[in-house]
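A look at the structure
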Amino acid sequence: MDKKIVEGKKAMRKHLASLSPTEKIKILEKLRDRSLALAAAGMRRRPGANNNKS
Amino acid sequence: MAVGFGWRSASALRPRKFKSGASAPEVKGAGALLRPLYLRHNVGVKETLELINRMQADGVIGKYAIGGAVAATIYLEPAATFDVDVFVTLPTTKGSLLVSLGPIYEYAKARGYRIEREHIVIGDWPVQFLSADDDLLHDAVADAVEVNVEGVRTWVMPAEHLVAIALRTGRSKDHLRILQFIEQDAVDRDRLNQLLDRHGLTARWREFEAKYPGGEHGQEDR
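All of these numbers come straight from a predicted model, not from anything done at the bench.

**Regarding the domain arrangement of chain B**
All names here are of chain B. Examined at the domain level, chain B breaks down into domain 1 (28-157) and domain 2 (158-222). Of the residues lining the interface, twelve residues belong to domain 1; the matching set on domain 2 comes to 13 residues. Secondary structure elements with two or more residues in the side of domain 1 that touches domain 2: helix 3 (68-75) and helix 5 (135-142). When residues of the side of domain 1 that touches domain 2 are assigned to their parent elements, the largest contribution, four residues, is made by helix 5. Split into classes, the residues belonging to the side of domain 1 that touches domain 2 amount to eight nonpolar, one polar and three charged.

Below, the structure written as structure tokens:
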């Protein structure tokens, strides 16, 4: 099962790596916007602040 | 929990006119990076690359190459980054051997671009210009690979140079990037070995290989 998951993730990474520069840069912008939105919303927890998963 | 900030939702949150006719105010003093999405104008990387090319055409910079995480993205899968590193060769002024990044900032300022610390904010991207002032960086710029992004020609460092620079920089995140290049077979190993040898990095590479035998680094669970 684990092997299947790992293989699936490898395939996903390979697919992403094979995209055109334009497509990749668009993903990059999306990743950046999401990170900034999360940071601006104060949604990031301090490390060790709360280890309980709800 | 779903967080709906994608291209579409970000563009839907662009500054709007209020009923009174007033626009959303510009946030003075706030960094572009932390400005709320609804106040940001989502311009994209095209404007960024076009300005860099204009700088080159106007003689402000010489040859250039994008480095860092944005360049790595061209060869690997995309990974989040907040700025664009642009390594440039700078023209020397007559009668002087000194080079300065000053003219780049002056050029950008004169065209209304905002300067935030060492970055010039172009579109949505803070861009840091760095002088390719040693042999390895100079080679990386000289051997830059042409790519086309959104219809704009630009140049990125070759994969082998990115690996060599990451090795020399030596932070944990640089090591991770090197491992990604190796695992995804994104570097020409012969070319890399020659480059490492030429820049005196072979011993450091051996140390790296000893530290990460087989290139396994647990990235598969990302």
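**What about the pairing of strand 6 (residues 145-149) of chain B?**
A regular strand carries its side chains on alternate faces of the sheet. All names here are of chain B. Relative to strand 7 (residues 152-156), strand 6 is paired through five bridges, and the arrangement is antiparallel. The residue of strand 7 that forms the bridge with V145 is V156. Hairpin remark: strand 6 followed by strand 7, antiparallel, with two residues in the connecting loop; positive phi at E150, about 50 degrees.

**Quick word on the interface of chain B and chain A**
Accessible area lost during the coming together of the parts is what is often quoted as the interface size. If you look at the interface, chain B gives 27 residues, while chain A gives 23 residues. Among the elements of the structure, helix 1 (7-12), helix 3 and strand 6 of chain B are those that each provide at least two residues to the side of chain B that touches chain A. Class assignment of the residues belonging to the side of chain B that touches chain A gives a composition of 17 nonpolar, six polar and four charged.

Criteria and cut-off values
- Residues numbered from 1 in each chain as written.
- Chains lettered and ligands numbered in written order.
- Predicted model: local features only at pLDDT ≥ 70, side-chain atom pairs only at ≥ 80, totals over all residues.
- Domains from an automatic or database assignment.
- Contact = placed C-beta atoms within 7 Å.
- Helix = DSSP H or I, 4+ residues; strand = E, 2+ residues; numbered from the N terminus.
- Nonpolar A, V, L, I, M, F, W, Y, C, P; charged D, E, K, R; others polar.
- Pairing = 2+ DSSP bridges.

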